Amino acid sequence: MTISPAPTDALPADPHRRIWRIAGPAILASISGPMVGIVDTWALGHLDAPRFLAAIAIGAFVFHFIYWSFGFLRMGTTGLVAQAHGARQSGHLHAVMVRSLALGVFFAGMILLLQKPILAGLFLLLNPDPVVASLAMDYCLIRIWGAPFILVRVTVIGFLIGTQRTRLVLAIELVLNLSNAALTVLLVTLLGFGMKGAALASLVAESVAALVAVLLMLRHLYGPALLKTARESDFWQPRAFTALLSINGAIFIRTLFLLFAFALLWRTSANLGIEILSANQVLMQFLLLTSFGLDGIAYAAEALVGEAKGAQSRSRLRYMVRLTHGWAVLFAIGYSLLFWGAGKSIIHGFTDLPTIRLVAETYLPWLIAAPLVAVWSYQYDGIFIGATEAGIMMWGMIAAFTLYALSLLWLVPIYGNHGLWAAMMVFFAARGLGLALFYPLLLQRAVPAPAALHTLE
């Protein structure tokens, strides 16, 4: 199936409004998105011992390692859907969705089937204290049963972002996080179920959010048309999945290296002691807060770059990249100013433990600098996802990870936790710079010469 050049190369009217129509709800959804981990950290951070904070640091990371590994379902779906949306190809859009959902259900089944060796391997990688490991394992063994719900939800979110319906993404995330917050307060704070209560609250909330996501998807994708697409004789042929698997495979490898980077952060934190591990769990919430705005602008870049590629408009693609760059930088500056002025208050909001507060405050300057360093990694990720240039993303991540690992080996033995956060800044900077260097190549590939027809399938 081919995409013909757009009838006009005119730039969109009122572009800032278009960006904010996508980014505004996406930012609110991003604020809601990490709230599962934030609420768990808040609830357990007010218990009577730091082992609960350390356990949620390990348990939440193990859980996110598993599911972030399958983030390609969201990202690959967004890019392909945005391009089909820009080219006005409803048939291809239906095919992408059915195949992505099928892959999500398959991978969820594999996670559940292999849960014991997966969890054992990740705990071996992180090497936590035995008491902390026991609490974290209780958490993971319950939450892992949310695999089908989570992978279906993130696939639907990919479709909604690609078709610029981020208000519905916000609705899904609000359902997830309001239900999780209410259940966490009930099970952890009021009934005293601890780690198991936090995990059960998340599991129930994830199932409800998945149901809402499917219902919202069916409002915009005619159910019988999806079934008709799935019944086509060549739909399930391996070759029909080639484009989706090629993109998703590269994003999967890219995501694994991203997760290994954070696994090294947590393993190094654990080796530096339970107080450092607990403090870094609090400091990680600053990175989550940063992701609220930067992810929202990156989502707008994904949708608008993908739409421009589908419409074969290079001038529109470059224009939307420049505008989203500007908004992303403004958000990064705002976050750094917020953390500089209110960082200690944020830390105190996450834990009552005086020792953990003092340790976290020592390393706060790194988190003040982080938004300004990390903004380009968020922004270029969005651009390359929208253009489905997953191969470049993969190699850029591998190069950044290599520099990060070498920085850890050099800096941590000398500077301890300061060295750990310095290495993380190297990682952020290398990711953004690496993709920026390949942006001209993306332009050439996204909108080829008029004689060359771009094929989606």
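In case you missed it, the structure is sitting above this.
Everything numeric in this text was worked out from a predicted model, so none of it was measured.

## Some points on the packing of aromatic side chains
Consideration 1: Following the criterion strictly, the structure yields 10 aromatic pairs and no others.
Consideration 2: Here Trp20 and Phe331 contribute two aromatic rings whose centre-to-centre distance is 5.8 Å and whose plane-to-plane angle is 35°, an arrangement assigned as tilted. With a gap of 311 residues between them, Trp20 in helix α1 (residues 15-32) and Phe331 in helix α14 (residues 314-350) connect regions that are remote in the sequence.
Consideration 3: Ring centres of Phe257 and Phe401 lie 5.4 Å apart, and the angle between their planes is 75°; this geometry places the pair in the edge-to-face category. On the criterion of sequence distance, the pair formed by Phe257 in helix α12 (residues 242-271) and Phe401 in helix α17 (residues 390-415) is long-range, its members being 144 residues apart.
Consideration 4: What links up through ring pairs into an aromatic cluster is the set Phe257, Phe401, Tyr404, Phe427 and Phe428.

## Points about the nonpolar core
Consideration 1: Membership of the largest hydrophobic core comes to 153 residues, with the highest contact counts inside it found for Tyr404 and Trp421.
Consideration 2: Counting residues per element, this core draws most heavily on helix α13 (residues 274-310), which supplies 19 residues.
Consideration 3: Excluding residues within four positions of it along the chain, Tyr404 makes contact with Ala261, Leu264, Leu265, Leu420, Ala423, Met424 and Phe427.

## Description of the environment of Ile247
Consideration 1: Topologically, Ile247 is positioned in helix α12.
Consideration 2: Here Ile247 is in contact with Gly76, Leu80, Thr388 and Ala390, once residues within four sequence places are set aside.

## Some words on the side chain of Ser269
Consideration 1: Take Ser269: it is sitting in helix α12.
Consideration 2: Ignoring anything within four residues of it in the chain, the contact list for Ser269 reads Ile276, Leu277, Asn280 and Leu420.

Parameters at a glance
- Residues numbered from 1 in each chain as written.
- Predicted model: local features only at pLDDT ≥ 70, side-chain atom pairs only at ≥ 80, totals over all residues.
- Heavy atoms only, no water.
- Phe/Tyr/Trp six-rings, centres within 6.5 Å; stacked < 30°, edge-to-face > 60°.
- Helix = DSSP H or I, 4+ residues; strand = E, 2+ residues; numbered from the N terminus.
- Core = buried A, V, L, I, M, F, W, Y, C linked by side-chain atoms within 4.5 Å.
- Buried < 20%, exposed > 50% of the residue type's maximum accessible area, 1.4 Å probe, protein only.
- Contact = heavy atoms within 4.5 Å.

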